[in-house]
Structure formats: C-alpha cells, structure tokens
Amino acid sequence: MRLRNWLFHNFREVSQQFGFEEVDFPVLESEALYIRKAGEEIRDQLYCFEDRGNRRVALRPELTPSLARLVIQKGKSVSLPLKWFAIGQCWRYERMTRGRRREHYQWNMDIIGVPDVTAEAELISSIITFFKRIGLTASDVGFKVSSRKVLQEVLRCYSVPENMFGRVCIIIDKIGKIPMDDIRKDLQSADMSEVAIEELLQILSLKSLAKLEEKLGASGEALSDLKQLFSLAEKYGYSEWLQFDASIVRGLAYYTGIVFEGFDREGKLRAICGGGRYDRLLSTFGGDDLPACGFGFGDAVILELLKERGLLPQLNLQVENIVCSLDPELQGAASTVATILREKGQSVDLVLENKPLKWVFKRAARINARRLILVGKAEWQKGMVNVKTLSTGGQLETKLDELE
Ligand SMILES: OCc1cccc(Br)n1
C-alpha cells in the first residue's frame, strides 16, 4: 500500500503539473461498452456477468470507453480541449492456473479536442516527466512510436476493406506473440492477398522514417504526423527517448493514428505503458466524433522494472509522536495530551492499553516516532508531561500548554 500510494502520488503530481484534471468512472459498466468485434484479448478476458436486474455488466478492463461515454454525456457543457486523468482499478478474467493478476491499477491521461500531434507529444512528455521523477532515464526506458496510418495507407494500396482495419491491427499486434504462420493465416482471413501480406510485413519491419518515406512516399499523413512528432520531441528535449518502429500498433482496436509504447531497454519486461490517438471512438457510442488521444500506464510492470533497477523507494511509516500513560488511571490524561497535539496538526500514536515501557519503546522504534510523550502521575499533578526525543535520547519535562 505504501508503494501504491507513492506511485499514485507521482502519477497525480505529474498529471497536475501538466494541467490535467482528475476524473473517475464506475468500476462496473455495461458490458456493451467493451464489445468490439476486432478479436482483442481485452474482449476475450472480459470480467462480465449478468446482474440481479438481468443486465449484462462488466468490471471495466480499461478506462478509455468510460471516458468516451462521459465526454458524450457532458456534450456541449464542457469546453475543449479536455485534459483529464484518472487512476483506476481495472479487471480481466483469467483462469487462476495462469497465475496472473486479475486486477491492476491504471493511470490514464487523455486530451480530447486536439487533432494535432502536439497532443501526443504532450502526453509522451508527461510520461517522461514521471519516469524522471522516479529515477529512470533514457538509458533505462524508451518509447517505440509509429502510426496506424502507415497500416491504413498500405491496406488502401491493396484495397483491403476499411472495416478490416481494426481486425488487421489486432492481428499485427500479435507479431512476436504467436507464430508468423498464424499471423499470415489470420491476415488471409481478413481479406488480405499474399502479396499484400508480404508487402505489409516488409513495411512493418522498418525502423527508420527515411526508409518509410521511400516505401510510402512523402505525401501521406502517416509520415507528416511522425515527422512533426519527432520534431516536437526535439523541442521538448526528449528525442533520445523515442524511436520509430513501424511494427508498433498496440492491441486496442480503436486507435486511428499515432501509437506509442514505453519499453525497458533490457527487453526483459512487457510494455510499461501504451497509448495513441483514437479519433473515432466517440461515434462508436453514438456520439459526435471528437479528436482524442491518451495512454494507459499499469502499476505492475513499472514496479517490476524499479525492482530490477534497485529503484524501489524505502517507505516507512512515520508518526511524529507516541503518547503513553505510565499508570492506568492516567489513560484519560494521555488521550487529552494526544488531542492537544493532534489539534496542533501533529500525528500521534496513542497507546491504548496498559503496556510495559519496553513494549512502548519497541513500538516507537517500529513506527519511527520522533518523540515519546510519557504521562506520569508526579508530572501530571504539576500539569507537566515528559517529552523524550528518541533520536537523541534527550528528555524534557514540559508544561501541557507549552507542548508544541
Ligand atoms: O493489461 C491488461 C489488464 C487489464 C485488466 C486487468 C489486468 Br491485471 N490487466
């Protein structure tokens, strides 16, 4: 819990530093929010059920559809651009035998209403700011960046029907996770010819914008978006964190443009975070489309990475005072002392039972108390208490009304 609070505190600090407002959504949503026909893993693992009102509901597997629903609900009552962030628990249903978590927390930041890649550049900057805050550098992690418009331009060249776009993206995202023969078979089932498949796989292996330009020409949106993004990265000063990688498509069907994922340069871990542009999501829920982009950042891989790098922070409970009566008849007096200190804004661990002093000192050490306040009969009769500063061992009889 200390680690989670530390992580979330950094998520929040960065989000607020970038001028984003915190939002939240229900953990339980209508199942329909997540029913997409593109064959995504997130769909196969939906933690869904029928509630007592016979409604098909699901524990949310991600936050973006809820955000889209809320933007539509708010409609004209909010002024654009929206810069929202959320930290929320998300669920998936997996067999326990897989030994993987069924729930995790995800930090999301989204910009709604900005069509330009300036929005994606700003989101990537916020994640890099987060990485730097927790001690990670460009030699630890980087971002693989591409655009789904690359895929779109290739599919159009081979007149693959538009309605196959999401499905092809999901198939491509499985490269490296399932055998290439299965990838080819799945692409054939998505109405792609042999020639189209080979050309697509060839383009997806590109790692330089220059080579991409040779293939696609300079006129397409994919190239201009990517060039603008890399140029903005220069101005933000984070070029060394980015690399173009045409194979990056991400595993969510609704991305339509730039996509990116954070990765650990030692290549031992799964993607740390990921996101991109999703300009068509709102209309899938019956709203008017608005340009949108965002990312999701889970709490699992980042903690594995920090552990690997020896960067997990040492987080100990810290209480300023521990207050203890030396006589059961003075328990009330001890609670008076605790209240006086708390009303001054100090934290107090009040010993609630009649314990030997040895026990109190052990507890004081365990909770890293700065001071031990002892309420003894003789002192109390003089309106005093005994204040021990635990780091120095010094002690001082102090008047109650001079306690600070
Ligand atoms: O990253 C996919 C995902 C979604 C929900 C819960 C968990 Br654990 N993992």
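Described below are features of the structure shown in this document.

About the criteria used
- Residues numbered from 1 in each chain as written.
- Predicted model: local features only at pLDDT ≥ 70, side-chain atom pairs only at ≥ 80, totals over all residues.
- Heavy atoms only, no water.
- Helix = DSSP H or I, 4+ residues; strand = E, 2+ residues; numbered from the N terminus.
- Rg over C-alpha atoms; globule rule 2.2 N^0.38 Å.
- Buried < 20%, exposed > 50% of the residue type's maximum accessible area, 1.4 Å probe, protein only.
- Contact = heavy atoms within 4.5 Å.
- Areas by Shrake-Rupley, 256 points an atom, 1.4 Å probe, with all protein chains shown as cover.
- Lys, Arg positive; Asp, Glu negative; His and termini not counted.
- Charge placed at Lys NZ, Arg CZ, Asp CG, Glu CD.
- Pairing = 2+ DSSP bridges.
- Axes fitted to C-alpha atoms, helices over the stretch in contact; angles between N-to-C directions.
- Phe/Tyr/Trp six-rings, centres within 6.5 Å; stacked < 30°, edge-to-face > 60°.
- Salt bridge = Lys/Arg side-chain N within 4 Å of Asp/Glu carboxyl O.
- Parallel < 35°, antiparallel > 145°, perpendicular 65-115°, else oblique.
- Left-handed = near helix turned anticlockwise from the far one by under 90°.
- Nonpolar A, V, L, I, M, F, W, Y, C, P; charged D, E, K, R; others polar.

1. Let's talk about the overall build of the protein
Part 1 of the reasoning: The helix and strand tally for the protein stands at 15 helices and 16 strands.
Part 2 of the reasoning: A compact globule built from 404 residues would reach a C-alpha radius of gyration of about 22 Å, whereas the protein, at 28 Å, exceeds it by more than 25%.
Part 3 of the reasoning: Counting only C-alpha atoms, the protein reaches 95 × 55 × 45 Å along its principal axes.
Part 4 of the reasoning: Scored against the burial criterion, the 404 residues of the protein give a buried share of 50%.
Part 5 of the reasoning: When contacts within the protein are restricted to residue pairs at least 6 apart in sequence, long-range pairs at least 24 apart make up 66% of them.
Part 6 of the reasoning: Looking at the protein as shown, the accessible area adds up to about 19700 Å², and 50% of this sits on carbon and sulfur atoms.
Part 7 of the reasoning: Across the protein, the mean location of the 57 positive side-chain charges is 5 Å away from that of the 56 negative side-chain charges.

2. Points about the sheet that holds strand β4 (residues 56-59)
Part 1 of the reasoning: Ordered by their spatial adjacency, 3 strands build an open sheet running β2-β4-β3, and the pairing between neighbours is antiparallel. Edge positions in the sheet fall to β2 (28-30) and β3 (47-50), since each has one partner strand and no second. Neighbouring strand axes in the sheet, compared pairwise and without regard to direction, differ in orientation by 35° on average.
Part 2 of the reasoning: Across 4 bridges, the pairing between β3 and β4 is antiparallel. In the sheet register, Phe49 faces β4, and the bridge partner there is Val57.

3. Remarks on the packing of aromatic side chains
Part 1 of the reasoning: Per the stated rule, a full pass over the model turns up 19 aromatic pairs.
Part 2 of the reasoning: For the ring pair Trp107 and Phe130, a centre distance of 5.4 Å and an interplane angle of 55° mean the geometry is tilted. Here the residue Trp107 occupies a position in strand β6 (residues 103-112), and Phe130 occupies one in helix α4 (residues 118-133), the gap between them amounting to 23 residues. Take Trp107 and Phe130: they sit in the same class, and that class is buried.
Part 3 of the reasoning: With a centroid separation of 5.1 Å and 85° between ring planes, the pair formed by Trp107 and Phe295 is classed as edge-to-face.

4. Here's the deal with the pattern of salt bridges
Part 1 of the reasoning: The tally for this structure, following the rule as stated, stands at 32 salt bridges.
Part 2 of the reasoning: The shortest N-O distance in the salt bridge between Arg69 and Glu29 comes to 2.9 Å. Residue Arg69 is located in helix α3 (residues 64-74), and its partner Glu29 is located in strand β2; the two are separated by 40 residues in the primary sequence.
Part 3 of the reasoning: Here Arg184 makes a salt bridge to Glu198, at a shortest N to O gap of 2.9 Å. Of the two residues, Arg184 is situated in helix α7 (residues 180-189) and Glu198 in helix α8 (residues 194-204); the sequence distance between them amounts to 14 residues.
Part 4 of the reasoning: For Glu198, a relative accessible area of 33% puts it in the partly exposed group.
Part 5 of the reasoning: Among the charged side chains, a network of salt bridges with common partners joins Arg92, Glu94, Arg98 and Arg100.

5. A few points about the sheet that holds strand β13 (residues 348-350)
Part 1 of the reasoning: The 5 strands are arranged β13-β12-β14-β15-β16 in an open sheet whose pairing can be described as mixed. Across the chains shown, the open sheet's two edge strands, defined by having one partner strand only, are β13 and β16 (395-399). Adjacent strand axes in the sheet meet at a mean angle of 25° when their direction is disregarded.
Part 2 of the reasoning: Where strand β12 (residues 321-325) lies against strand β14 (residues 371-375), 5 bridges are found, and the strand directions are parallel. If you follow Ser325 over to β14, its bridge partner there is Val375.
Part 3 of the reasoning: Its contacts with the sheet place helix α13 (residues 331-343) against β12, β13, β14 and β15 (384-389), and it is angled at close to 170° to β13.
Part 4 of the reasoning: Lying over the sheet, helix α14 (residues 357-366) contacts β12, β13, β14 and β15, oriented at roughly 170° with respect to β12.

6. Quick look at the packing of α4 against helix α10 (residues 221-236)
Part 1 of the reasoning: Packing of α4 against α10 leaves a shortest axis separation of 9 Å and a crossing angle of 45°. Considering their axes alone, α4 and α10 lie oblique with respect to each other. In this structure, α4 meets α10 at a crossing whose hand is right-handed. In this structure, α4 contributes Thr118, Glu120, Ala121, Glu122, Ile124 and Ser125 to the contact, and α10 contributes Gln228, Leu229, Leu232 and Tyr236.
Part 2 of the reasoning: Of the residues assigned to the contact of α4 with α10, the class counts are 5 nonpolar, 3 polar and 2 charged.

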